[in-house]
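Architecture and fold: a report
Next come the chains, spelled out residue by residue.
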Amino acid sequence: MKKTLLKVMAFLPIGFFTQLNAQYCVPTYTTGCTSGDDIDDFILYNSGINHLGSGCSANAYGDFTADPTLEGDLEATVTYNFEATHNFGNQYIRVYIDFNNNDDFEDPGELLFTSATGEAITTGSISIPAGATPTTTRMRIIGRYAGAPTNSCTSGATWGETHDYTVNILPAPTCPAPINIVDNSITSTDAEIGWTSQGSETNWNIEYGAPGYTPGTGTNMATTNNPETIGGLTPSTTYDVYVQADCGGTDTSTWSGPYTITTNCVPETAPYLEAFTTGALPNCWDNVSSNSGSVNGLWKFTGTPGYGAAANGRPAGSFAWTDGSTPVVADITLLSPLIDMSALTVPTLSFDWFSNNTDNPGDNVPLIVDINDGSGWTNLTTFSGDSPDWKEAELVLDSYVGQTVQFRFICDQTVTSGLAQYNDILLDSVMVDEAPSCPRPFGLNVSNITANDAELDWSAGYQETEWVIEYDVAGFTQGTGTTIVTNNLNETLTALSAITDYDVYVKGVCGVGDSSEWVGPASFTTPCVVFSAPFHEPFDNGVEPDCWENLATGTAATDFWKFNGVVGYEAANNGKPEDTYAWSDGSGVEPEGTLITPYIDVTTINDPYLTFEWFSNNGTNPGDNVELYIEINGGSVWETLDTLSGDSTEWMYEAYDLSAYEDSTVRIRFVTDHTATSSSAFYNDILLDEVRVWSCIREAGTDDASDVCRLDELVDLNSIITIDTEDGRWEFPTSQGLVVDDTMLNIQTLPQGDYEVYYITKGACQEDTAVATVSVYPPSTAGQSEDLEVCMNEPINLFDGLSGNVDHGGTWYDSSDDPIAGSQQNASNFPGDYNYDYIVSNGVCPADTSLVTVTVADTCDYLSLGEEKLTDLSVYPNPATDMINISNPTDSESLRIEMLDMNGRVVVSDADALSNTSEATIAIDHLQKGIYTLRIYNDESQRTFKVVKQ
């Protein structure tokens, strides 16, 4: 064709050559091109222009018009396909040819192609007009990022690259070459090839051979068919194919091509295993992607994955893997060979896979598993999740019995939030084999994890309808965990502990004695509980409290809040023991250290307040202070409550009204900012303590009272009143020293009586008080027992048998344990010993009992004594307080009266009170409480009574 061109050029005017040396505009970009925005490859098929790996040209402009190896021949009326490749997406292409050689590309008809969308690989075609004048001229390829070029000089573009090439415009051929060669189907030994004719020919020539062969040395075949099948090919072999139009006689087109095809492998026969141990793409597997030009755009078989996948436990080169750092693509696809499963009764696909996005848990790249039985691709399942262990999948293929199938494993990064770079996906041990009698379930997944619950779901291994779940804290020995038997493909684990790592396993039950292997563990961690206000953190343990977050913009230890160790400079003299507060080191070099509380439910209290104590004293450079920001988040936005700064030798107390958040769950953060100070902030450590979210006024509780016995010695004050909060204090004004261990009152020295003890709670604004009234009762006493000796039938006052302190109001019981009325009894008319119990209780203290034994003598009978003359005498009331009455119904002769105390001393004496009268009254109000003996007598007889003075 070059000879033809020279003949044409011989008739061109001399001015034409001047045009070739004319100055075209030099394209410009404001930024230029990068390794991703350049035109890396440009191929104009069937033209001779095949520019591969050009890289980024100086000033983003590549002038290749002087390179004869990149010169192209273009025939009028012919359509030419092209491909432009970039290493980055969203690239647009324009193609110009200066048909009239006037130094620009802006004439009508000179713009031949414009991209409709931005791509990493742009394919398209250009058509040479039928009336194009044969000439040698310039073709310009303009690439631009994020938008189609607006002119042939690219003014206004930011990133991109432009190429210029020399092209020879030739007359229209009498026999145009075919275009758009495609393969319609490929087997292991055949390939059906089709093309598009640009003429009316009905005959074609096909030539094929090894990749890179010289046309004319390959295998030829003539055909009248379009498409045509090339047979007798070798399995798993690559060929270059050319097609030529035969227009009759000696008129043939140029060859179109090469078009490269690869025959399929001979199907593998199951059982089949691929363990990826060669460190390379296995034979008959295929590795494809829309970003295959990227170093990370395909599956890999060597090297070490990154981030959470680096520690997967298997040596590099023993598995396949995709790099999450790949520019985001949806189709990083690994294709298996064809696999003949006709020898299997119930075939199964099994494999190991690994996914562990430790840097952004839950933001996972899915692993899609598809199957093709010749009728198209069907999804088997999609896996996604985080685990530090390899997971085993086992998929029963009972719908594909006897068929030859192919599998593909696809990683799709487009469904993540942009953090897929941390999630490398690993694949190993792909096997097609006979299914076990009870295949394992697969896809065990844990979701909706709370502090106390977690939801499980999985897919059935085959046709089983029962499953067993076992779970416990991470690392437990199977057989010792908690088990659940279920008929559902999902289950909720309950009563879990917060902030705890768990492992869970599941197995299928296919029948009696027929269970699958365990699947798992699926590992998860329960989060913190939401704390209910009132909330209090005293920082007393010397470590970061559970559920708090400690963040910093830097990574040095001094950038974070601390909870132990010795603070420096003036803060060292803060008055509190070390390890009992949180503190931020003024030596920190990064601007922010942030300490964040757990989630706190404020709805559980009224009038909520935030309070805390803090300490700041830059004594070395007063006034040059680190600022402490106090911020709150009641939903999704952090809002500033206050900014604190200052010097004080004492701890400072702050309180903030949170009523605006009373219906919310909040978090509060304390941020130290070193950027607001000069370098002398080095001396300003910030201390924080006693963080509380509580009520302005905290109700202490409900007043109540309790009767207590002094014998109890210690009384639990908390059991007396209803306490609304448990961190109040007890105060006993009578004697604070009797409050023992903060909540116990020592009553063993208190006299009988009522006492008030005060429970006081501190709130953010003021204190509240509840009153516990304690009524102290002394021990009950029934007195000391003394035996009595009496005559038969003699009247007895049983109190005569008691001495010492005696509580009255008790009950006497006779020898048969039957209660008796009062204390007056007549002795039996039978001699012997008779027991009487006196039991007394004040209703609070335990009852006390004394035993009086009455011995009835057989030597006398009261009825035969002179005292029988006074049998009608009676005394009442008894017990008495102020006076006693004596009744003498028979009006006996003159009687005298005297009262004796327990020591036998006469304390009352009256010789006339019963002188010839039937009634007498004796005043006893001046006597001490106790038991007295009343003696009524004359010269002939007497009678005695025991009288109780109350």
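Below, the structure is looked at part by part. None of the values given here were measured: they were computed from a predicted structure.

**Some words on the sheet that holds strand β31 (residues 454-459)**
Pairing is antiparallel across the open sheet formed by 3 strands, whose spatial order is β30-β31-β34. Bordering the open sheet on either side are β30 (442-447) and β34 (490-493), each of which pairs with just one other strand. Pairwise comparison of adjacent strand axes, ignoring direction, gives a mean angle of 20° for this sheet. Of the pairings in the sheet, the one linking β31 to β34 comprises 4 bridges and is antiparallel in character. By the bridge assignment, Ala454 is partnered in β34 with Leu493.

**A word on the state of the cysteines**
Within the structure shown, the criterion is met by 9 disulfides. Residue pairing for Cys696: its cysteine sulfur links by disulfide to Cys765, the two sulfurs lying 2.0 Å apart. As the torsion about the S-S bond is roughly -120°, the Cys696-Cys765 disulfide counts as left-handed. Of this pair, Cys696 sits in the loop between β50 (686-695) and β51 (701-702) while Cys765 sits in the loop between β58 (753-762) and β59 (767-777); the two residues are 69 residues apart in sequence, bridging distant segments of the chain. Residue classification places Cys696 among the buried positions, given a relative accessible area of 14%.

**Here we look at the pairing of strand β13 (residues 203-209)**
In terms of burial, β13 is a largely internal element, 6 of the 7 residues being buried. Summarising the sheet, β13 and strand β16 (residues 238-246) pair through 7 bridges and their orientation is antiparallel. Counted as the bridge partner of Ile206 is Val243 from β16. Both β13 and strand β14 (residues 219-223) contribute to a ladder of 5 bridges, which runs antiparallel. Bridging across to β14, Glu207 finds its partner in Asn220.

**What to know about the pairing of β31**
One face of the sheet, then the other: side chains in a regular strand alternate in exactly this way. Across the two faces of β31 the burial differs, with Ala454, Leu456 and Trp458 buried and Glu455, Asp457 and Ser459 not buried at all. Of the strand pairs in this sheet, β30 and β31 are connected by 4 bridges, and their pairing is antiparallel. Looking at the pairing, Phe442 lines up with Ser459 of β31. Between β30 and β31, which pair antiparallel and follow one another directly, the connecting turn spans 6 residues, one of which, Asn448, has a positive phi of 50°.

**Side note on a negative patch on the surface**
There is a patch of like negative charges on the surface, built from Asp703, Asp704, Asp707, Asp754 and Glu756. Every element with two or more residues in the negative patch is listed here: β52 (704-709) and β58. Summarising the element assignment, Asp703 is placed in the loop between β51 and β52. For Asp703, a relative accessible area of 47% puts it in the partly exposed group.

**A few points about the environment of Pro545**
On the secondary structure map, Pro545 appears in the loop between β39 (535-537) and β40 (549-552). Exposure remark for Pro545: the relative accessible area of 12% places this residue in the buried category. For the pair Pro545 and Thr450, spaced 95 residues apart in the sequence, the C-alpha separation amounts to 19 Å. Not counting the four nearest positions on each side in its chain, Pro545 is found in contact with Glu537, Phe539 and Phe563.

Quick notes on the rules
Residues numbered from 1 in each chain as written. Predicted model: local features only at pLDDT ≥ 70, side-chain atom pairs only at ≥ 80, totals over all residues. Heavy atoms only, no water. Pairing = 2+ DSSP bridges. Helix = DSSP H or I, 4+ residues; strand = E, 2+ residues; numbered from the N terminus. Axes fitted to C-alpha atoms, helices over the stretch in contact; angles between N-to-C directions. Disulfide = S-S within 2.5 Å. Buried < 20%, exposed > 50% of the residue type's maximum accessible area, 1.4 Å probe, protein only. Patch = residues over 30% accessible without salt bridge, like charges linked within 9 Å, V, L, I, M, F, W, Y side chains within 5 Å. Areas by Shrake-Rupley, 256 points an atom, 1.4 Å probe, with all protein chains shown as cover. Salt bridge = Lys/Arg side-chain N within 4 Å of Asp/Glu carboxyl O. Lys, Arg positive; Asp, Glu negative; His and termini not counted. Charge placed at Lys NZ, Arg CZ, Asp CG, Glu CD. Contact = heavy atoms within 4.5 Å.

Don't take any of this as a statement about function, it's just geometry.
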